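Chain by chain, the residues run as shown.
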Amino acid sequence: MTNALILGGTGWLSGRIARRMLDDGVIVTCLARGGRAAPDGASLVRGDRDDPDAYAAVEAQDWDHVIDVSSRADHVTAAVAALGTRTARWTYVSSMSVYSDEVTVGADESAPLHPAAEAGDEYEYGPQKVAAENAVHALGDRALIVRPGLIVGAGDPGDRFGYWAAAFDRAGAGDVLLPPTEGRTAQVIHVDDLAAFITATRVTGAINAIGAQHPLADVFTLFRTATGHTGGTVSADEEWLVAHGVQHWAGERSLPLWLPAEMTGFMARSNAGYRVNGGALRPLADMVADVLQDERTRGVGRERRAGLTGRQEHELLAELRRSPLR
Ligand SMILES: NC(=O)c1ccc[n+]([C@@H]2O[C@H](COP(=O)([O-])OP(=O)(O)OC[C@H]3O[C@@H](n4cnc5c(N)ncnc54)[C@H](OP(=O)(O)O)[C@@H]3O)[C@@H](O)[C@H]2O)c1
């Protein structure tokens, strides 16, 4: 590959893809509105994909590789129409949220998908990704559709995995509130492993990009060990947490990585396709160490997009100590 166009390139994952390609000697152009900078060495073409002429500055040349991270089916459809005929290889970053079955453990890329979003539908992430994938299918065997699960690593704007580094670190010798872990798994991929795969692989078709399934309890143990936490852990049960307004998975007042008990397949999908095609997976302990260092740099007490604040956690722990049942 000698040149690549990244539709995005100024965000977290797309910026890391751009960086990786630059390091590999690829000439990288990023197309974005330009609120954030492109990585050093990449060209930035400003364009708003809401505009019909968004691709005017980049459509009159051949591209070895186009990478698109949009979660808007209209953006992806327009990009394929504008750039598809002059592009040798296309990678679309989709998501494991395309799957409608959240129960089956070990499901591979042939698992059923949500119905594709249609024009005029209220925005829903999974159906938009499905409709975007459908637009990319028009490129046939030139296209790779990567379906990542939870992406982790330094700089993560989603704050989910990093919450646990922050929670154990800020607790010191105090207690940490945990969700139920029985029967739960966690599955993540490091942002730089994913960026390296997208840069290097020649595989086409759909590929789940995700790590091994780890018992959720083991993930918490790794965070506890890495932070040097010396306090205790207090587990609350599903009903108690829900009754006290604690959200699953993400967002404010949440316990990230905690899923409803019936979502047994959501973080337990097959990654055989990723591994057989050379996808690297660093050890979970290395990801925990990377994220802990990043959380300490950014400040474990900072405002976050996911998790409990220190105050919310203290109040919930105090309430739990008062309740005979959890
Ligand atoms: N985080 C996870 O755990 C997870 C899991 C599964 C899948 N994913 C997928 O991974 C990808 C994440 O990519 P990312 O981190 O690079 O995303 P991001 O930070 O949201 O960046 C999006 C990029 O698109 C550009 N962009 C947004 N709106 C635009 C518009 N109207 N016109 C032109 N450019 C526009 C942004 O730049 P400007 O704002 O400057 O325009 C930026 O460069 C997404 O596809 C996401 O669905 C994430």
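It should be emphasised that the depicted structure is a prediction, and the values quoted were computed from it without experimental measurement.

1. Description of the pattern of salt bridges
Applying the stated criterion across every chain, the model contains 19 salt bridges. The salt bridge involving R86 is made with D62; its shortest N-O contact spans 2.9 Å. Taken together, the residues span a long stretch of sequence, with R86 in the loop between helix 2 (73-83) and strand 5 (87-93) and D62 in the loop between strand 3 (43-46) and strand 4 (63-68) at a distance of 24 residues. With its nearest N and O atoms 3.1 Å apart, the salt bridge here joins R170 to E313. With R170 in helix 4 (residues 161-171) and E313 in helix 10 (residues 310-322), this pair connects stretches of sequence that are 143 residues apart. The exposure class assigned to E313 is buried, which follows from its relative accessible area of 3%. Through salt bridges with shared partners, one network takes in D159, E295, R302 and R304.

2. Brief notes about the packing of helix 4 against helix 9 (residues 284-298)
Contact geometry of helix 4 with helix 9 gives a least axis separation of 9 Å together with a crossing angle of 70 degrees. In terms of orientation, helix 4 and helix 9 fall into the roughly perpendicular class. Like other packed secondary-structure pairs, helix 4 and helix 9 cross with a definite hand, here right-handed. Seen from helix 4, the contacting residues are F161, G162, Y163, A165, A166 and D169; seen from helix 9, they are L284, M287, V288, V291, L292, E295 and R296. For the contact of helix 4 with helix 9, the class distribution of residues is nine nonpolar, one polar and three charged.

3. Re the sheet that holds strand 2 (residues 27-32)
Strand order in the open sheet made by the seven strands is 3-2-1-4-5-6-11, with parallel pairing throughout. Every other strand in the sheet has two partners, leaving strand 3 and strand 11 (205-209) as the edge strands with one partner each. Ignoring strand direction, the axes of neighbouring strands in this sheet form an average angle of 20 degrees. Its contacts with the sheet put helix 2 on strand 1 (3-7), strand 4 and strand 5, and the angle it makes with strand 5 is roughly 175 degrees.

4. Overview of unusual backbone geometry
With glycine set apart, most residues show a phi of negative sign, and most peptide bonds adopt trans. Residues other than glycine seldom take positive phi values, yet W249 does so here, at roughly 70 degrees. Within the element layout of this structure, W249 appears in strand 14 (residues 247-249). Of note, R253 is a non-glycine position whose phi angle comes to about 50 degrees, a positive value. The residue R253 is located in the loop between strand 14 and strand 15 (254-256) in this model.

5. Considerations on the packing of aromatic side chains
Counted by the stated rule, this structure contains six aromatic pairs. Plain terms: the ring middles of W164 and F168 are 6.4 Å apart, the flat faces sit at 45 degrees to each other, and that makes the pair tilted. Of this pair, W164 and F168 both sit in helix 4, four residues apart, which is roughly one turn of that helix. You'll find W164 and F168 in the same group, each marked buried. Pairwise contacts between aromatic rings join Y163, W164, F168 and F220 into one cluster.

6. A closer look at the domain arrangement of the protein
By domain assignment, the protein separates into domain 1 (3-150) and domain 2 (151-322). For domain 1 and domain 2, the distance between their C-alpha centres works out to 26 Å. With 33 residues of domain 1 at the contact, the number on the domain 2 side is 41 residues. Contact between domain 1 and domain 2 buries roughly 3200 Å² in total, counting both sides, with carbon and sulfur atoms accounting for 61%. Of all residues in domain 1, W12, E102 and L150 bury the most surface against domain 2, accounting for 28% of the area lost on that side. At the junction of domain 1 with domain 2, the criterion picks out one salt bridge. A salt bridge links R16 to D192, with the shortest nitrogen-to-oxygen separation between them at 3.0 Å. Counting every contact that joins domain 1 to domain 2 gives 24 residue pairs in polar contact (both at pLDDT 80 or more). Elements with a minimum of two residues in the side of domain 1 that touches domain 2: helix 1 (12-23), strand 4, strand 5 and strand 6 (143-148).

How each quantity is defined
- Residues numbered from 1 in each chain as written.
- Predicted model: local features only at pLDDT ≥ 70, side-chain atom pairs only at ≥ 80, totals over all residues.
- Heavy atoms only, no water.
- Salt bridge = Lys/Arg side-chain N within 4 Å of Asp/Glu carboxyl O.
- Helix = DSSP H or I, 4+ residues; strand = E, 2+ residues; numbered from the N terminus.
- Buried < 20%, exposed > 50% of the residue type's maximum accessible area, 1.4 Å probe, protein only.
- Axes fitted to C-alpha atoms, helices over the stretch in contact; angles between N-to-C directions.
- Parallel < 35°, antiparallel > 145°, perpendicular 65-115°, else oblique.
- Left-handed = near helix turned anticlockwise from the far one by under 90°.
- Contact = heavy atoms within 4.5 Å.
- Nonpolar A, V, L, I, M, F, W, Y, C, P; charged D, E, K, R; others polar.
- Pairing = 2+ DSSP bridges.
- Phe/Tyr/Trp six-rings, centres within 6.5 Å; stacked < 30°, edge-to-face > 60°.
- Domains from an automatic or database assignment.
- Buried area = accessible area lost by both parts, 1.4 Å probe.
- Polar contact = N/O pair within 3.5 Å; in protein donor to acceptor, adjacent residues only side chain to side chain.

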